[in-house]
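Fold and contact review
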Amino acid sequence: MSLAKRRGFVFQSSEIYGGLGSVWDYGPLGVELKKNIKERWWRSMVHERHDIEGLDAAILMHPKVWEASGHVSGFTDPLVDCKQCKNRFRADDPRIKGTPGQPDAQCPVCGSKGTLTAPRQFNLMFKTFMGPVEDQAAVIYMRPETAQGIYVNYLNVQQSSRQKIPFGIAQVGKAFRNEITPGNFIFRTREFEQMEMQFFVKPGSETEWFEFWRTERMNWVKGLGIREEKLRWHQHGPDELAHYAKDAYDIQYEFPFGWNEFEGIHNRTDFDLSNHQKHAGKKLEYLDPKTNEKFLPYVVETSAGADRTTLVVLCDAYREEEVRGEEAAEGGEQRVVLKLKPSLAPLKAAVFPLVNKEGMPELAHRIHDDLRRHFNVFFDDGGSIGRRYRRQDEAGTPYGVTIDGQSTQDQTVTVRDRDTLKQDRVATGKLVEYLTQKLAG
Ligand code: ATP
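Residues numbered from 1 in each chain as written. Predicted model: local features only at pLDDT ≥ 70, side-chain atom pairs only at ≥ 80, totals over all residues. Heavy atoms only, no water.

1. Things to note about the pairing of strand 23 (residues 423–427)
When strand 22 (residues 412–417) meets strand 23, the two strands line up antiparallel, connected through five bridges. The residue of strand 23 that forms the bridge with R416 is Q423. Following strand 22, the chain reverses through five residues before pairing antiparallel with strand 23; L421 in that reversal takes a positive phi of roughly 65°. (Pairing = 2+ DSSP bridges. Helix = DSSP H or I, 4+ residues; strand = E, 2+ residues; numbered from the N terminus.)

Below is the structure:
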């Protein structure tokens, strides 16, 4: 967390006012990292597939959507209040001793006995009002998931893009949940982004597609460069399944605070479409052009959090290690380095004039201007070269381009590799080609 702040990945929201609980802002490097992850997802889910279309539905939706989806009645956590200290807890908070609502129950904060109320359901959706009158009829919700925007549009998308079942719709966008036990940095936040894809299939083929998407998604996650021993599957037991799901698997990562999910693959059956059909009073059946058969599709969903995936990538890349050899002071030196996959790194290269004289800064600026037409590149002429390397190690910048005395003579520069610390001498005219090759994948 301290590196994330120091290097400009993530800041606390409204920090000068003391922060806002579990809401975070992405700084200059964080916005690039998260964008690279979202773009990689979009490329693999939409551009590289003929059977998935993109969508960007609005955050605000007709309030009946959330009645149909089950979120008004079912998207709740049971909570208890302490009448003494006014704190609120999840009913299953392990710190609570005794049974809430009974005289034996003890408040985990103030220690009073018999002051905890019986559990009451608390809805996780944020409410607001639409229009000038703040009454019950004007209540609308901030979407708690992006999926519903896809369901209510599925026939629009299918017909306008002339897709045939099986096909999918993908969307990246904000979702909001008034989480009661938020925390762990950007792991659980009240405002977050989801990368969701709903795949519409013929009933009876959903198990096959479920397995297909489980394999695809795990491969994609591995493609982010995450260490495989830090990844595992977790199948939901009957008590964990969401109100809409028949079967669900999470992809979990071993975070510093334990194994936790960051993506879910869900078999949602026709739960959502059949409920929308009922509540909206509109037929949502698909007409198979070959067989003339009409049916309501089943849905296999892949649902990933963009922020949680960013946290996975950051945690997995973070290393503290000993540097030896030329770059280190006598006897070795500690460094913090983000070993991000180069294609995900916010900055692809940094340009360093070794000293601020003898024509080096001018040449460095020319190289920087040339490179930044192709990549996101940083220029740094402040402090010793060792200090500049360390700053870029912490930013996860994979390549350091140093302009030295030889550069002004023969138009070559050194390119330092963040992970191996090896240096190549490269002709300035070949630099774009050299980096393009290294950054692929
Ligand atoms: P959890 O059990 O952790 O609350 P969930 O099972 O409710 O998550 P889903 O509804 O399946 O999560 O949402 C899919 C994905 O959206 C999650 O895997 C996660 O990456 C992301 N996500 C859900 N809630 C949050 C949140 N409060 N903050 C950040 N990301 C979230």
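2. Things to note about the environment of F11
The topology assignment puts F11 in strand 1 (residues 10–12). On the accessibility criterion, F11 (28% relative accessible area) is partly exposed. As a C-alpha pair, F11 and T420 span 409 residues in sequence and 30 Å in three-dimensional space. Setting aside anything within four residues of it in sequence, one finds F11 in contact with K5, W24, D25, G27 and P28. (Buried < 20%, exposed > 50% of the residue type's maximum accessible area, 1.4 Å probe, protein only. Contact = heavy atoms within 4.5 Å.)

3. Section: the sheet that holds strand 16 (residues 298–305)
Across the sheet, seven strands lie side by side as 3-9-10-16-13-12-11; this open sheet has mixed pairing. The open sheet has two edge strands, strand 3 (52–54) and strand 11 (231–235), and neither has a second partner. With direction set aside, neighbouring strand axes in the sheet form an average angle of 25°. Of the strand pairs in this sheet, strand 10 (residues 191–201) and strand 16 are connected by eight bridges, and their pairing is antiparallel. Paired with F199 across the bridge in strand 16 is V300. Here helix 7 (residues 206–223) sits on the sheet in contact with strand 3, strand 10, strand 11, strand 12 (247–255), strand 13 (258–269) and strand 16, set at roughly 150° to strand 13. (Axes fitted to C-alpha atoms, helices over the stretch in contact; angles between N-to-C directions.)

4. Some remarks on the environment of P361
In this structure, P361 sits in helix 10 (residues 360–371). When its relative accessible area of 14% is taken as the criterion, P361 is described as buried. Separated by 42 residues in sequence, P361 and I403 place their C-alpha atoms 8.1 Å apart. Those residues in contact with P361 that sit more than four places away from it in its chain are P353, V355 and N356.

5. Here's the deal with the site of the ligand
With respect to spatial proximity, 14 residues lie near the ligand, and among them E179, R188, T189, E261 and F262 are the closest. The separation between an oxygen atom of the ligand and a polar side-chain atom of R188 is 2.6 Å. Interatomic distance of 3.0 Å between a backbone N/O atom of G305 and an oxygen atom of the ligand. The fraction of the free accessible surface of the ligand (590 Å²) that becomes covered by protein chains is 85%. Counting residues per element, the ones that place at least two in the shell around the ligand are strand 10, strand 13 and strand 16. With four residues, strand 13 is the single largest residue contributor to the shell around the ligand. (Near = heavy atom within 4 Å. Polar contact = N/O pair within 3.5 Å; in protein donor to acceptor, adjacent residues only side chain to side chain. Areas by Shrake-Rupley, 256 points an atom, 1.4 Å probe, with all protein chains shown as cover.)

6. What about the packing of aromatic side chains?
Evaluated as defined, the whole model comprises 17 aromatic pairs. Ring geometry for W24 against F185: centres 4.9 Å apart, planes inclined by 80°, an arrangement best described as edge-to-face. With W24 in strand 2 (residues 24–26) and F185 in the loop between strand 9 (167–176) and strand 10, this pair connects stretches of sequence that are 161 residues apart. Through a chain of ring-to-ring contacts, three or more aromatic side chains come together here, namely Y151, Y154, F167 and F200. Note that R308 overlies the ring of F187, its terminal NZ or CZ placed 3.8 Å from the centroid. Against the face of Y389 rests R416, its NZ or CZ located 4.2 Å from the ring centre. (Phe/Tyr/Trp six-rings, centres within 6.5 Å; stacked < 30°, edge-to-face > 60°. Lys NZ or Arg CZ within 6 Å of the ring centre and 35° of its normal.)

7. Let's talk about the packing of helix 2 (residues 28–47) against helix 9 (residues 306–317)
With their axes 10 Å apart at the nearest point, helix 2 and helix 9 run at an angle of 110° to one another. For the element pair helix 2 / helix 9, the angle class is roughly perpendicular. Pair helix 2 / helix 9 crosses with right-handed handedness. Note on element contacts: helix 9 touches helix 2 through A306, D307, T309, T310, V313 and L314, opposite L33, K34, I37 and K38. For the contact of helix 2 with helix 9, the class distribution of residues is five nonpolar, two polar and three charged. (Parallel < 35°, antiparallel > 145°, perpendicular 65-115°, else oblique. Left-handed = near helix turned anticlockwise from the far one by under 90°. Nonpolar A, V, L, I, M, F, W, Y, C, P; charged D, E, K, R; others polar.)

8. Things to note about unusual backbone geometry
In the segment running from I165 into P166, the intervening peptide bond is cis, with an omega of 10°. Positionally, P166 belongs in the loop between helix 6 (154–161) and strand 9. A positive phi is found at Q411, a non-glycine position, where the angle reads about 55°. In this structure, Q411 sits in the loop between helix 12 (405–410) and strand 22. Phi at L421 is positive, roughly 65°, even though this residue is not glycine. Of note, L421 is situated in the loop between strand 22 and strand 23.

So yeah, pure geometry; function would need other evidence.
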